2 protein chains.
Amino acid sequence: MAVEAEREKKTRGRGSRRTRESRSANSNNQSRLPSKRAFKPVELLSDEAVEQVHRCSLDLLRDVGLEFDLPEACDILKRNGAMVDSDTGMVKFDPETVEHWVAQAQSSFSLSARNPARNLDIGGDNIAYGSAGSTPNVLDMDEGRRPGNSRDFENLVKLSHTLDTVDFFSGYPVEPTDRSVNTRHLDCNRDLLTLSDRVIRLYGIGKTRIDDGLDMISIAHGISRDELKDSPRALTVLNVNSPLKVDSTLLQGAMEMARNGQAVVVTPVAFAGAMSPITLSGSLIQHNAECLGVIALLQMVNPGTPVLYGSIISNVDMKSGAPALGTPETVTGTIASGQLARRYRLPTRLFSGCSSNAVDAQAAYETMFSLWACYLGGVNMVLHAHGYMETGLITSFEKVLLDSDLIGMMNALSRPIDLSDSKEALAAIKEVGPGGHYLSVAHTMSRYKNAFHSPLLSDWRAYEYWLKDGGKDYAQRASNKWKQLLEEYQKPDIDPAVEQALGEFAERRKREIGTAEI
Amino acid sequence: MAVEAEREKKTRGRGSRRTRESRSANSNNQSRLPSKRAFKPVELLSDEAVEQVHRCSLDLLRDVGLEFDLPEACDILKRNGAMVDSDTGMVKFDPETVEHWVAQAQSSFSLSARNPARNLDIGGDNIAYGSAGSTPNVLDMDEGRRPGNSRDFENLVKLSHTLDTVDFFSGYPVEPTDRSVNTRHLDCNRDLLTLSDRVIRLYGIGKTRIDDGLDMISIAHGISRDELKDSPRALTVLNVNSPLKVDSTLLQGAMEMARNGQAVVVTPVAFAGAMSPITLSGSLIQHNAECLGVIALLQMVNPGTPVLYGSIISNVDMKSGAPALGTPETVTGTIASGQLARRYRLPTRLFSGCSSNAVDAQAAYETMFSLWACYLGGVNMVLHAHGYMETGLITSFEKVLLDSDLIGMMNALSRPIDLSDSKEALAAIKEVGPGGHYLSVAHTMSRYKNAFHSPLLSDWRAYEYWLKDGGKDYAQRASNKWKQLLEEYQKPDIDPAVEQALGEFAERRKREIGTAEI
């Protein structure tokens, strides 16, 4: 609640949300709905089954443990009661130690954006959808498939900004591979913080990038680094190299985020059959153990650090070993892992992905299965939810729009069924009478503009009209639309002094870093 | 339960299901899963809101009523306490009359197929998915869009038969427009009953077609017309010409089905803004009143008649007036109408449809929204679930496979998460150790064949391999596959004497009917 009050305070005096929102390219669609679930998450595991997975995970942490190949992490773990084998880096945990530290994590928190209207409430029934992140390649129907570059990166940031469904940036919506890896974060953070106004993700590839990122967020938000510690304004993702091995570079970054009170998404990747046991039950046990062990460490670093419990459970194609996203196993695994996360009162994250190579029916159904997995599983942050294809190897401009459409429709499920209207409805039914139609009665005319959700690109015309207009399928319509949206892009308000300071910071740090490896 | 025992009895001595199933073209996929919901339907309306819709619907039936333009129906309604205005055909109902008769309907029943392995349990957590039905046109990628003919009809019946996901025929999977409308039912029923073995739908266009159909089902099932009355073996659909007007030709057929103890699907069509009020609350009230009034009549005709409560609620595109299927309103409307149906302990039906003109992303996402509406809304029979496009104007061969894939994935949600495996899983995790992989360990090797659901046509290969193989999108892959499945089609077992009798019946009735209108 302190966070809430803080947020309220910061919101005042920055201009109403409506003013800003009215600029967004699809704001003519309808007023943006809060991304909240319309009904409770569902359950697949019995309470006893949840307890069994919990106990097996604790057994695994006690008897086998996790590998932390980072001395500073091992020191903290040792100091707080974990058993560290310094030869192997294997760390074993008592059940009590795990439970004590995991209980320090917050069950919900707010992530503040540069634009307070874009602050995110994480936890409970909230769902926030991110841009794509970290994909090396980009695809559009005009220029085809290619490695991402600065122009694609900027266009995807701008396109994301025009879409009301993009609640935050899951990272760089494509990697600008023409920017030096050592200083890419400086250029990219500057662009993300000036071309848009949403919450951003910092890449935790070591401590330096996180520190640079936090400096830039402080500049953008007009606060000091000390003030930044008061409430989370950025997230990072800490992957576990499942099974049981914590990535030490990402861990350095995540620990730096924790020290600064910023959000860490803990993400084991349980692709059953490859990185976790082939059974969903075995995958859940391993995945839960990995989440709990890493979350315990982050709470040792800074009790109360806002964390998200990663819920990435899917399967591999047993013919090729290739991971498959948006499968039935994604849905059942996510529902089950959501039950576990709620047992620990932790907010959760998943991604919305697909393994399709084209913006076709497969892309749509795999993404829908991913989105429904999130919706039904109680997931709070959905990373990579706009444009992600090929199991994360590519961002497609056309699929950005498809995904925005799908998320817009999921959000529209929250439009309430308003029964206060029943008297007028009964009168309208009487007025129309048997066999009539409602198209022109007053009850319809006074409501038709906002009665229903309007998708961006669904084409409901009769076949003949559709054909006459070129017979364009969804991908072709999306190809036209994203270019139109880019043309309509308007840069969000920013204090020129802040923008200049961000640019100067980036340039100074680029000079300092030069070509040195960081 | 009497029905269950009956079913058991009839099942014996007809050969095991496994023998028959092993012939189906995708039986190498995995063993067919029962189409049962993996979790309970969800709720959007509070209990009070459900009661409010209920009361408003009863008010509507009392104060306005429904139009029944059929004297034999009006006579029955009058005899059973409804108030009939014989000048206008308007029939008003006391709330008590409605509630009394609706309570006579069965909350669940079994529909027997020619092949007992294909009997359907209707009600509770069961979901059955049908073929397309009644579409005038057909589409495939080789020959394009055209009116349906006998060859298309036969091919779609055969293709449906190869697919484990087709639980019944929702009607003619395309209208064979080259067959005379007066005798089409004879040829089509013969084909449906010999080329496949699933439950079929009879078109209730008057009494004669129903009687012919019931005769043919009796022949196919080897029972007398009197024995047929013991349990339902066919369904018909009674549309309401919403608002408030019951189609009298279909009503004749439906009443004949009721007299014979066969199943009637009562289907008001609530396209909000055109055929029902523009608000979902108003649409629910009208739709519920229409369902209850017609179900009351059918119970007056024959108490206990198996009926399904139609749950077709969607919206129209307010720009064009065209209906739109698979929208967010489909999902919320279906969830709410499912709550109403469960209040009356009635099984429900919806269809799975889309308004797309191409087998593209829109086709997939609209169908997925329809399927999730059914799944979350507790729907028991999903009509038109294979191939339906253009809001019902067309059946697409390629979309038959897309829909089969989607339904197969929905059914796979019922694969249980088996925790009895946890000890072996823990041993496998220990064996693999930090940073290893599971691809070749014994725990994986002994389970990989059936570990995960295998979609028919999802392509999970890396981009390069996919491209080298032609870079085919889903629709192109489906175009190859349906022809392969048709080649692999095997006619189900049938007693040659039964087949001959069906043919002779059809020929005799065709001669009798000739060109007369029936």
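Structure first, text after, so check above.
What you see is a predicted model; the values in this text were computed from it and never measured. (Residues numbered from 1 in each chain as written. Chains lettered and ligands numbered in written order. Predicted model: local features only at pLDDT ≥ 70, side-chain atom pairs only at ≥ 80, totals over all residues. Heavy atoms only, no water.)

So, the sheet that holds strand β8 (residues 144-147) of chain A
Residues and elements named next belong to chain A.
For step 1, the next point in the chain: Taken in spatial order, the four strands of this open sheet run β8-β7-β19-β18, and their pairing is mixed. With partners counted over all chains shown, the strands left at the sheet margins are β8 and β18 (388-389), one partner each.
For step 2, the next point in the chain: Packing against the sheet, helix α6 (residues 150-162) makes contact with β7 (137-140), β8 and β19 (394-396), and its axis sits at approximately 110 degrees to β8. (Pairing = 2+ DSSP bridges. Helix = DSSP H or I, 4+ residues; strand = E, 2+ residues; numbered from the N terminus. Contact = heavy atoms within 4.5 Å. Axes fitted to C-alpha atoms, helices over the stretch in contact; angles between N-to-C directions.)

Observations concerning the pairing of strand β14 (residues 312-316) of chain B
All names here are of chain B.
For step 1, the next point in the chain: With five of its five residues buried, β14 lies for the most part within the structure.
For step 2, the next point in the chain: Direction of pairing for strand β12 (residues 263-272) relative to β14: parallel, over a ladder of four bridges. Paired with V269 across the two strands is I312, which belongs to β14.
For step 3, the next point in the chain: Linking β14 to strand β15 (residues 323-324), which pair antiparallel, is a turn of six residues; within it G321 sits at a positive phi near 80 degrees. (Buried < 20%, exposed > 50% of the residue type's maximum accessible area, 1.4 Å probe, protein only.)

Focus: the sheet that holds strand β8 (residues 144-147) of chain B
Residues and elements named next belong to chain B.
For step 1, the next point in the chain: An order of β8-β7-β19-β18 is seen for the four strands of this open sheet, with the pairing classed as mixed. In the strand order of this sheet, the two ends are held by β8 and β18 (388-389), each with one partner.
For step 2, the next point in the chain: Two strands pair when backbone bridges link them, and strand β7 (residues 137-140) and strand β19 (residues 394-396) are joined in this way by three bridges, in the parallel orientation. Bridging across to β19, V138 finds its partner in T395.
For step 3, the next point in the chain: Lying on the sheet, helix α6 (residues 150-162) is in contact with β7, β8 and β19; it crosses β8 at an angle near 110 degrees.

As for the nonpolar core
For step 1, the next point in the chain: Counting 340 residues, the largest nonpolar core has F68 and W372 of chain A together with F68 and W372 of chain B as its most contacted members.
For step 2, the next point in the chain: Look past the residues within four positions of F68 of chain B in its chain and what remains in contact with it is C74, L77, G89, V91, F93, V246, L251, G293, V294 and L297 of chain B. (Core = buried A, V, L, I, M, F, W, Y, C linked by side-chain atoms within 4.5 Å.)

Topic: the interface of chain A and chain B
For step 1, the next point in the chain: With 106 residues of chain A at the contact, the number on the chain B side is 106 residues.
For step 2, the next point in the chain: For the chain A and chain B pair, buried surface summed over both sides reaches about 8,800 Å², with 75% attributable to carbon and sulfur atoms.
For step 3, the next point in the chain: Considering only the side of chain A, the residues that lose the most area to chain B are I417, F452 and W460 of chain A, jointly responsible for 10% of the buried surface there.
For step 4, the next point in the chain: At the junction of chain A and chain B, the tally comes to 30 residue pairs in polar contact (both at pLDDT 80 or more).
For step 5, the next point in the chain: If one sorts the elements of the side of chain A that touches chain B by residue count, helix α13 (residues 361-377) of chain A sits on top with nine residues.
For step 6, the next point in the chain: Of the residues belonging to the side of chain A that touches chain B, the class tally is 61 nonpolar, 25 polar and 20 charged. (Buried area = accessible area lost by both parts, 1.4 Å probe. Polar contact = N/O pair within 3.5 Å; in protein donor to acceptor, adjacent residues only side chain to side chain. Nonpolar A, V, L, I, M, F, W, Y, C, P; charged D, E, K, R; others polar.)

Here we look at the packing of aromatic side chains
For step 1, the next point in the chain: Counting across every chain of the model gives 21 aromatic pairs over all chains.
For step 2, the next point in the chain: Geometrically, the ring pair formed by F153 of chain A and Y172 of chain A is edge-to-face, given 5.9 Å between the ring centres and 85 degrees between the ring planes. Of this pair, F153 of chain A sits in helix α6 while Y172 of chain A sits in the loop between α6 and α7 (184-195), and the two are 19 residues apart along the sequence. Pair check on accessibility: F153 of chain A and Y172 of chain A agree, each one buried.
For step 3, the next point in the chain: For the ring pair F351 of chain A and Y388 of chain A, a centre distance of 5.9 Å and an interplane angle of 50 degrees mean the geometry is tilted. Here F351 of chain A, found in strand β16 (residues 348-351), pairs with Y388 of chain A, found in strand β18; they are 37 residues apart in sequence, far enough to count as distant. The same class applies to F351 of chain A and to Y388 of chain A, which are both buried.
For step 4, the next point in the chain: Among the aromatic residues, ring-to-ring pairing joins F39, F369, W372 and Y375 of chain A together with F39, F369, W372 and Y375 of chain B into one connected group.
For step 5, the next point in the chain: Sitting above the plane of the Y375 of chain B ring, R37 of chain B keeps its charged end 6.0 Å from the centroid. (Phe/Tyr/Trp six-rings, centres within 6.5 Å; stacked < 30°, edge-to-face > 60°. Lys NZ or Arg CZ within 6 Å of the ring centre and 35° of its normal.)

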